[in-house]
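Residue-level structural notes
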Amino acid sequence: MTLRRQLQFWAISLIAFIAFLMVFSQVLLPFVAGMAVAYLLDPVCDRLEKFGMSRLWATLTILLVFVALLVLFFILLLPVLGNQLSGFLQKLPELVNKLQGLLSSNIGERISHLTGFQIGDLQSSMGDIIKQGASWIGELMQSVWSGGQALVSALSLLVVTPVVAFYLLLDWDNMVARIDSWLPRPHVNQIRELAREMDGAVAGFVRGQVSVCFLLGLFYAIGLALTGLNFGLLIGIGAGLVSFIPFVGASLGFIVSMGVALVQFWPDWTMIAAVALVFAVGQFLEGNVFQPKLVGESTGLHPVVLMFALFAFGYLFGFVGMLIAVPAAAMIGVLARFALRQYLASSLYTGTGRISAAPEE
């Protein structure tokens, strides 16, 4: 098969895959979630097999523990978070008004003196900014909560996902071997090498980032709860969960928690500083302990590229796109680096084999 035919084949395959995602994106969630669970738990299943368990019993043991932990989360933690979120959304207008008055009365005169703006105009502008920001946060949290309620109430996610994960985890090695048998034989070694590189990038980031988000959410929730911050558990867990988007989780959690802390603790700067210290320590742990130890440079992707991938895939394919954004970006990164290596080794880059121009007469 010529290079042109190969490019046509893979281009058509990619277009068909994207079209499939766009057409069936509304029903893919439990299947993508089940595949993600199976992919995350496959190394644990392999390790249990090395200890002498059969594949069937290893799969059953892992999924039963996973489902038990998930049920405990829904029973113990989700009602608390739901109550806090409901209370936060109800008190959000009151918090916004108090924060606006607090900022206007304490820093409004200083800014007015420095800039020359009237205090009334400054209060109006500041209020508009705060209300717009609060409105955006409120809409975001309401959409997350409504989506969470939809996910919790969706029978397909609770029933189909464990079933899909069970069958995929049980047959994972056979599926990998079967797909390997479909690879074009002239390029099988090269494709296997690329697949291993993709697996290393995806597994290292996804499994590591899940651990980082869990540890950060736990740290922020405990830290903010110890300071006595209202809605501290909700804000901390939310900041941890959104930490899979670089810089966004910590920034959003810091802004919301500082707004709540100013309203709740003013003028006690000690407690306000304690809330800020929780996020400072959390960022130190993330940058110097969690990320290097658990994630490292596994994807080879810049944080800006990751953020673009999350927003782009989320825009195109919805929540399913958010789930596949990082693995897809990691795979595309591996292919892009491979294409770059091929280009640097080709005559297009080196100039060798180029037809020389005819000498001028």
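Residues numbered from 1 in each chain as written. Predicted model: local features only at pLDDT ≥ 70, side-chain atom pairs only at ≥ 80, totals over all residues. Heavy atoms only, no water.

Counting its secondary structure elements, the protein contains twelve helices and zero strands. Counting every position in the protein, which comprises 361 residues, the buried fraction comes to 34%. For the protein, the proportion of contacts with a sequence separation of at least 24, taken over those separated by at least 6, is 72%. Within the structure as shown, the protein displays about 22400 Å² of accessible surface, and the carbon and sulfur contribution to it stands at 70%. (Helix = DSSP H or I, 4+ residues; strand = E, 2+ residues; numbered from the N terminus. Buried < 20%, exposed > 50% of the residue type's maximum accessible area, 1.4 Å probe, protein only. Contact = heavy atoms within 4.5 Å. Areas by Shrake-Rupley, 256 points an atom, 1.4 Å probe, with all protein chains shown as cover.)

Along the chain, the position of E286 falls in helix α10 (residues 269-295). Judged by relative accessible area, which is 12%, E286 ranks as buried. A distance of 2.9 Å separates polar atoms of two side chains, one belonging to E286 and the other to Q283. Among residues more than four places away in sequence, those in contact with E286 are V212, L216, Q291 and P292. (Polar contact = N/O pair within 3.5 Å; in protein donor to acceptor, adjacent residues only side chain to side chain.)

A few words on the confidence of the model for the protein. Predicted confidence across the protein gives a mean pLDDT of 75, with 77% of residues reaching 70 or more. When mean pLDDT is taken per element in the protein, helix α6 (residues 172-181) scores highest with 85 and helix α4 (residues 119-153) scores lowest with 53. Residue range residues 144-153 is modelled with pLDDT below 50. Its contacts to residues more than four positions away, or to other chains, number seven contacts. Predicted confidence is poor over residues 355-361, with pLDDT under 50, and the contacts of this stretch with residues over four places away or in other chains come to zero contacts. (pLDDT = per-residue confidence, 0-100.)

In this model helix α9 (residues 248-265) runs 25 Å from its N-terminal to its C-terminal C-alpha over 18 residues, within 8% of the 26 Å that 1.5 Å per residue would give. Those residues of α9 that fall on the buried side of the exposure criterion are G249, A250, G253, V256, S257, M258, G259, V260, A261, L262 and F265. (Expected span 1.5 Å × (residues − 1).)

The interhelical angle for the contact between helix α7 (residues 188-227) and helix α8 (residues 232-241), taken along N-to-C directions, is 160°, at an axis separation of 7 Å. Here α7 is positioned roughly antiparallel relative to α8, judged by the angle of their axes. Relative to α8, α7 is oriented so that their crossing is right-handed. On α8, the residues that touch C213, L216, G217, Y220, A221 and L224 of α7 are G232, L233, I235, G236, I237, A239, G240 and L241. (Axes fitted to C-alpha atoms, helices over the stretch in contact; angles between N-to-C directions. Parallel < 35°, antiparallel > 145°, perpendicular 65-115°, else oblique. Left-handed = near helix turned anticlockwise from the far one by under 90°.)

Quick look at the packing of aromatic side chains now. This structure, assessed with the given rule, holds five aromatic pairs. Plain terms: the ring middles of F166 and Y167 are 5.3 Å apart, the flat faces sit at 75° to each other, and that makes the pair edge-to-face. For F166, a relative accessible area of 17% corresponds to the buried category. Note on Y167: relative accessible area 55%, which makes it exposed. Measuring from centroid to centroid gives 4.7 Å for Y220 and F279, while their planes differ by 25°, and the two rings are stacked. With Y220 in helix α7 and F279 in helix α10, the pair connects residues that are 59 residues apart, well separated along the chain. (Phe/Tyr/Trp six-rings, centres within 6.5 Å; stacked < 30°, edge-to-face > 60°.)

Okay, the nonpolar core next. Of all hydrophobic cores here, the largest spans 31 residues; its most connected members are F88, Y220, L224, L229, I235, V260 and V275. Where this core is concerned, the elements lending two or more residues are α3 (55-115), α7, α8, α9 and α10. It is α3 that provides the largest number of residues to this core, a total of eight residues. Counting residues in each nonpolar core, the second largest holds 24 residues, with Y39, C45, L168 and V206 among its members. (Core = buried A, V, L, I, M, F, W, Y, C linked by side-chain atoms within 4.5 Å.)

Between the first and last C-alpha of α7 there are 57 Å, a value that for 40 residues agrees with the 58 Å anticipated at 1.5 Å per step. Backbone geometry just downstream of α7 places G228 in the positive-phi region, at approximately 85°.

Turning to the pattern of salt bridges, a few remarks are in order. Tallied over the entire structure, the rule returns nine salt bridges. Residue E49 is joined to R55 by a salt bridge in which the shortest nitrogen-to-oxygen separation is 2.9 Å. Given a relative accessible area of 11%, R55 falls into the buried group. R196 is the salt-bridge partner of E193, the closest N and O atoms lying 3.1 Å from each other. Highlighted residues: E193 and R196, both in helix α7, separated by three residues, approximately one helical turn. When its relative accessible area of 52% is taken as the criterion, R196 is described as exposed. (Salt bridge = Lys/Arg side-chain N within 4 Å of Asp/Glu carboxyl O.)

Turning our eyes to something else, we now look at the environment of A273. Mapping A273 onto the fold places it in helix α10. Between the alpha carbons of A273 and L262 there is a distance of 10.0 Å; along the sequence they are eleven residues apart.

Moving on, we get to a nonpolar patch on the surface. Judged by side-chain polarity, V65, F66, V67, L69, L70, V71, L72, F73, I75 and L76 come together as a nonpolar surface patch covering roughly 860 Å² of accessible area. Within the fold, F66 resides in helix α3. Residue F66 is classed as partly exposed on the basis of its relative accessible area, which comes to 31%. (Patch = residues over 30% accessible without salt bridge, like charges linked within 9 Å, V, L, I, M, F, W, Y side chains within 5 Å.)

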